[in-house]
Amino acid sequence: MKILLSWLNEYGDFGDDVDRLSDALTSLGLAVENVEHVGATVPGVVTARVVRTESHPDAAKVHRVYVDAGDGVERHVWCGAFNMQVGDVLPLATLGTEMPNGMTISRRGILGIDSEGMLCSTLELGLGDDHSGIMILPPDAPLGVPYGEVLGLRPDVLLDIDLTRNRPDCWGYVGVARDLAAHLGLEFRPPTPTLAVTGGELVAGVEIVDGDRCGRFTSTVISGVRVGPSADWMAQRLRAAGMRPISNVVDVSNYVMLELNQPNHAYDLATLRGPEGGPPGFRIRLATEAETMTTLDGEQRTFTADDLLICDAADRPIGIAGVMGGLDTEITDATTTVALEMAWFAPLGIMQTAQRLGLRSEASARNERGVDPYGIDVSIARFVELLRETCPDLVVHAGAADGRGASLPDEHRSCELRVTEVNRVLGTGLTAADITSLLDPIGFTVSGGPDEPLTVALPSWRPDCTEEIDVVEEVARHHGYDRIGREVPKSTVHGHLSVHQQRRRLLRQVLLGLGISEAMPNPFLAPDTAEKAGLDPTAVSITNPLVADESVLRTSLRPGMLRAVAFNESHRRTGARLFEIGHVYPPGEGELPDEYEALCVVLAGDEAPAAMAVWREVAAALGVGARLDQSQVPPGLHATRSATLSIGRDVAGAVGEVDPAVLDAFEVTERVAILELHLGYVLDREPKPARWSAVSRSPSSDLDLAFALDDSIPAERLDKAIRQGAGNLLVDLDLFDVYRGPGVDEGSRSLAYRLRLQAPDRNLTDADVASVRDACIAAAGKFGARLRS
Amino acid sequence: MIEDLNVARDAALADVAAAASLDDVAALDARLLGKKGELAAFKRQLGSLASVDERKAAGAAVNEALAAVSVALDERRAELAAAARSAAVESERLDLTEFTARPARGHAHVVTQAWERLEDVFIGLGYQVAEGPEVETDWFNFEALNMADGHPARGEFDTLFVDHVAPGGTPGHTLLRTHTSPVQIRAMQAMEPPIYIVAPGRVFRRDTPDATHMPVFHQIEGLVVDRGITMAHLAGTIEAFTKAFFGGNVESRLRPSYFPFTEPSAEFDIRRPNGDWLELGGCGMVHPAVLRAGGIDPEEYTGFAFGFGIDRMAVMRHQIADIRDMYTNDLRFVEQF
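Just so you know, these numbers come straight off a predicted model, no measurement behind them.

A. Structural detail: the interface of chain B and chain A. Residue-level contacts link 91 residues of chain B with 79 residues of chain A. Approximately 7200 Å² of surface area, both sides summed, lies buried where chain B meets chain A, with 56% of it carried by carbon and sulfur atoms. Note that B:E156 and A:R165 form a salt bridge whose closest N and O atoms lie 2.5 Å from each other. Counting every contact that joins chain B to chain A gives 41 residue pairs in polar contact (both at pLDDT 80 or more).

In structure tokens, the structure reads:
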């Protein structure tokens, strides 16, 4: 909402201290987002009359305009607009004028012919956004005078207020003024016109068919209207407020809307039909499916059965309720009698219709937030009062109709307010008297007291206020948020991370320490991405995605990570080492999808053992173990270089390499080692803390054993056999060499281990070492591992 | 004999002084001091001396000579060892700037860094960290937060809906949470007051990406519910948090605003040292209807809540001009932080 400061001052003596007023408004929740200085006359721009125009054979886009600036001298100006005629009065920027955009008008012309100034559009003068042609001034304007004098321009300020949804009343000047006057302790002076009926009965009746959507509809017939230009002051004020003056009737309609937040519409009574020769009137009903009407803006609109229409008594649609009038019943220059609509519609319906039609008007913006159903009467009187300035002969006819529907809010609403509740919520020490003095000036009239509870009348222009807490907020606003104390509550809870959160940080630290950086890919995928990654394409989809390529919720972090690798590769960063900890959303049968937190690590340019090394480090740091099963390779991973990781009966992850076909599909040229984990299994439970074992002070002894083992048997089994054979003398085991080649049978490999043996409390004997050796050989021999000599 | 001994001793000392290597010293040690060494030979001549006094004097002289040579040998050995070590050290000279080693550490995402910093500030203020699902029900995301079906404020969230349907439910009631506020409801349902939580997390809006907006971004939400919590506690907490996070020289203020789930509602701003007020987030006293939805009696308890963007904290801290850069996973970006 843009508020013109001079206009606001109609309703209270607010003055012109813009900073102070801006701060006051902001502190009331009417945040001033922008302050614009308007109405300044650009010095050096004067009125001039077009004497003649002339085209130039070598310049098609410009022509030569000769003007008289009142001194009788004919000046020549090049001009790119052609909207003027001989005799028109235009604003001429004379030589040396500094324009608002910083340009200085110079003599420099075109084709070697000087220009003695520039003719200006409204945009160039900072008066509007119209740059389609030169601004045409009133034809009787004196020449050679500042254009601002002709237009009655006065320097003014436009305050751009960002209104929250709970303040529909502030879509009118009076609402803003009421709050501000109360805050500053000034007298509030809203208009208080009274309506006098001056003519005999002339009725445009009202029939509300759908009262659930239309709570009130008044129709007042006014004759003796002469459509013409508005009074200067009104045209200037509307223009300064950013609204184009059109005609006295339309301007008054807009003025009342801006002033009192009451959208309204004037129909040409002569165009309204009645049923079969009956009297004209209004019928407010829901549209039928696919019914059509042409709105004021010339667009044909098609309705659904949820759109509320204003029809005439012959049931012909003449307006979209609360949004926009129809073209056929518009006021024209010939109009002499109008039927004035002022109405209240259920806000939600207006919002939905405006949304459905993509049609936002000044009226719909107000109606969908909720206007004052009981402000209508003052608004009618104000309309008549203002129109009478240009139509002194107008007649207000008896027989005005005032239809009511079931959705009409109660006129007198109230709620209880406990002083103790105000202070309990705000932490203040306000008394009933304090509260009364804060609420009364904004129309929340307090009665009762001094004992609890007070009764507070809820004004009809504040539909957002229905209960006690709403009034507490009003008290807080007018008391001042900055006068509420500041105190840090004494938390009786000890602040900490949960086990899962602590372990997630540990996991992240381990991965960072391993030189792996954190990625955050988009969790939305294209419909075919999962399949490209070798994953089950069953997924939850977004029903209203921004783009189809981001319409599916990921069930795995893998596709995003592969895209990250491909992105880095394509920017000459091979060897990307990335991890992500993030949610995935597989479909589920429950109230929500089976969402869980996952980890994916990708090591570009690395092979499966690198992923195993990361897994071992993570497992050791987090104190978790998992069964490795190379016979169960998850889809999308390298069939002979990957394994599932199982904890108990559940598959908790996978480790290995990405399937080359998947890499191809993602245009990744490097090998990619990968680790995937379902973090619920890994982070939720804290293992017992590692228990101390004494570091032996006795000497240790190393034993090297190399075994030949068939390729079909995992080295892990040999590892286990050695641990079992060595028993508790083993303190460290290292697989230091894997060899395939001459000396080892085809289909087998040599695995060389170094065992470090140590007793806790004594020196080892040769017999100890020999018995470990024998036990290891025996344990390994059970599955065919043979000691190499 | 004494003269001979002195000559021999001086010759030996000269040899020791001239020894050029540790090997030379070892050879001299054997030659001069051994049982059959040159100086030992003098001992054998003692018997040929006539008088006891002469023998005594000559014996003492021989021992002195042996001791002097032995000391000289030790000194020479130490000198040579030190020289050898410094020669070895000298030969190992390295230019420490000759290498271009890539940094080996990984980089946490900028959003994670801001997220953890915020968590840590609130843990210090006595808060626990709560989380919730990113795919939510309409009830938790809107209805429980005092936005019943058809509430106009719903339209301002640009919600993304998904095709999941709860058993017995109707389509169109599962969505990607538009804010972290549903975690408030889940926390109130799961915990008894006093509740002091922050809920960081990922949120979603149907927003076209540009330099300052992403459809997927992050918020942190705070909720305190206890007996006797007032708006003064809210203002004090905002002040304490902003000072802890941005530094002691920032000022904070609350100004009235509107959110369906809090009342009174406020925006909170900070004033930076340059004097500009900067809007950070929304806050307010938890609306009684929201407390009731969380199973808490608003007549017994009051609470406050606040929320703001995490991504923006990262953007401000690092002066990132385009928020989209944070989500490209470009290592050239990631490794800057």
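B. Geometry of the pattern of salt bridges. All names here are of chain A. One pass over the full model with this rule turns up 70 salt bridges over all chains. Note that R237 and E10 form a salt bridge whose closest N and O atoms lie 3.3 Å from each other. Of this pair, R237 sits in helix α5 (residues 232–240) while E10 sits in the loop between α1 (5–8) and α2 (18–27), and the two are 227 residues apart along the sequence. In this structure R237 comes out as buried when scored by relative accessible area, which is 11%. Classification of E10 as partly exposed rests on a relative accessible area of 38%. In this structure, R285 and E291 form a salt bridge, with 2.7 Å as the shortest nitrogen-oxygen distance. Three or more residues joined by partner-sharing salt bridges are found here, namely R167, D169, D179, R462, D464, E474 and R477.

C. Up close: unusual backbone geometry. All names here are of chain B. The omega torsion of the bond from P193 to P194 falls at 5 degrees, within 30 degrees of zero and hence cis. By secondary structure assignment, the location of P194 is in the loop between α7 (182–190) and β4 (195–204). P264 follows E263 through a cis peptide bond whose omega is -5 degrees. Looking at the secondary structure, you find P264 in strand β7 (residues 262–271).

D. Representation of the sheet that holds strand β8 (residues 156–162) of chain A within the structure. All names here are of chain A. An order of β1-β8-β2 is seen for the 3 strands of this open sheet, with the pairing classed as antiparallel. Among the strands making up the open sheet, the edge pair consists of β1 (2–4) and β2 (31–38). In this sheet, adjacent strand axes meet at a mean angle of 25 degrees when their direction is disregarded. In this sheet, β8 lies alongside β2 in antiparallel orientation, the contact comprising 7 bridges. The residue bridging N34 from the neighbouring strand is D160, located in β8.

E. Representation of the domain arrangement of chain B within the structure. Domain parsing of chain B yields domain 1 (2–93) and domain 2 (110–334). One C-alpha centre belongs to domain 1 of chain B, the other to domain 2 of chain B, and the line joining them spans 88 Å.

F. Quick peek at the nonpolar core. Residues A:L426, A:I435, A:L439, B:L254, B:F268, B:F306 and B:M326 are the most contacted members of the largest nonpolar core, which totals 71 residues. Examining the composition of this core, we find that 8 residues originate from one element, helix α5 (residues 110–124) of chain B, more than from any other. With sequence-adjacent residues up to four places away left out, B:M326 is seen in contact with B:H109, B:V110, B:V111, B:D311, B:A314, B:V315, B:I320 and B:F333. Counting residues in each nonpolar core, the second largest holds 57 residues, with A:L8, A:L30, A:V176 and A:L180 among its members.

G. The arrangement of the packing of aromatic side chains in detail. Scanning the model with the defined rule gives 19 aromatic pairs over all chains in all. A centroid spacing of 5.6 Å and a plane angle of 85 degrees characterise the contact between A:W233 and A:Y255, whose relative ring orientation is edge-to-face. Note that A:W233 is positioned in helix α5 and A:Y255 in helix α6 (residues 248–260), a separation of 22 residues in sequence. Classification of A:W233 by relative accessible area gives partly exposed; the value is 32%. Classification of A:Y255 by relative accessible area gives buried; the value is 0%. Between B:F241 and B:F245, the ring centres sit 6.2 Å apart and the planes meet at 35 degrees, which makes this aromatic pair tilted. Residue B:F241 and its partner B:F245 are located together in helix α8 (residues 231–246), separated by 4 residues, close to a single helical turn. Comparing B:F241 with B:F245 shows no difference in burial state: the two are buried. Within the aromatic cluster, the residues linked to one another by ring pairs are B:F122, B:Y127, B:Y196, B:F241, B:F245, B:F246, B:F268, B:F304, B:F306 and B:F308. Across the ring face of A:W78, the terminal group of A:R64 is positioned such that the distance to the ring centre comes to 5.7 Å. The ring of A:F736 is capped by A:R754, whose NZ or CZ atom sits 4.9 Å from the centre of that ring.

H. Local environment of helix α13 (residues 499–513) of chain A. Residues and elements named next belong to chain A. For α13, with 15 residues, the first-to-last C-alpha span of 21 Å sits near the 21 Å given by 1.5 Å per residue. Those residues of α13 that fall on the buried side of the exposure criterion are H500, Q501, R503, R504, R505, L507, R508, V510, L511 and L512. G515 sits one or two residues past α13 and shows a positive phi near 80 degrees.

I. Representation of the side chain of A:T337 within the structure. Within the fold, A:T337 resides in the loop between β18 (324–325) and β19 (338–345). Setting aside its immediate chain neighbours within four residues, A:T337 contacts A:L202, A:V221, A:I222, A:S223, A:Y267, A:D268 and A:L269.

J. Local environment of the pairing of β19(A). Residues and elements named next belong to chain A. Of all the 8 residues making up β19, 8 are buried; the element is thus mostly covered by neighbouring parts of the structure. Burial along β19 is two-sided: V338, L340, M342 and W344 facing one way and A339, E341, A343 and F345 facing the other are all buried. Pairing analysis gives 8 bridges linking strand β11 (residues 214–223) to β19, with the strands arranged antiparallel. Counted as the bridge partner of R216 is W344 from β19. Relative to β19, strand β12 (residues 264–268) runs antiparallel, the two sharing 5 bridges. Paired with H265 across the bridge in β19 is E341.

K. Geometry of the side chain of A:H397. Residue and element names in this part refer to chain A. On the secondary structure map, H397 appears in strand β20 (residues 395–398). A polar contact of 2.6 Å, which involves the side chain of H397, links it to the side chain of S223. Contact partners of H397, with chain neighbours within four places excluded, come to V197, G199, G200, L202, V221, I222 and S223.

The rules behind these values
Residues numbered from 1 in each chain as written. Chains lettered and ligands numbered in written order. Predicted model: local features only at pLDDT ≥ 70, side-chain atom pairs only at ≥ 80, totals over all residues. Heavy atoms only, no water. Contact = heavy atoms within 4.5 Å. Buried area = accessible area lost by both parts, 1.4 Å probe. Salt bridge = Lys/Arg side-chain N within 4 Å of Asp/Glu carboxyl O. Polar contact = N/O pair within 3.5 Å; in protein donor to acceptor, adjacent residues only side chain to side chain. Helix = DSSP H or I, 4+ residues; strand = E, 2+ residues; numbered from the N terminus. Buried < 20%, exposed > 50% of the residue type's maximum accessible area, 1.4 Å probe, protein only. Pairing = 2+ DSSP bridges. Axes fitted to C-alpha atoms, helices over the stretch in contact; angles between N-to-C directions. Domains from an automatic or database assignment. Core = buried A, V, L, I, M, F, W, Y, C linked by side-chain atoms within 4.5 Å. Phe/Tyr/Trp six-rings, centres within 6.5 Å; stacked < 30°, edge-to-face > 60°. Lys NZ or Arg CZ within 6 Å of the ring centre and 35° of its normal. Expected span 1.5 Å × (residues − 1).

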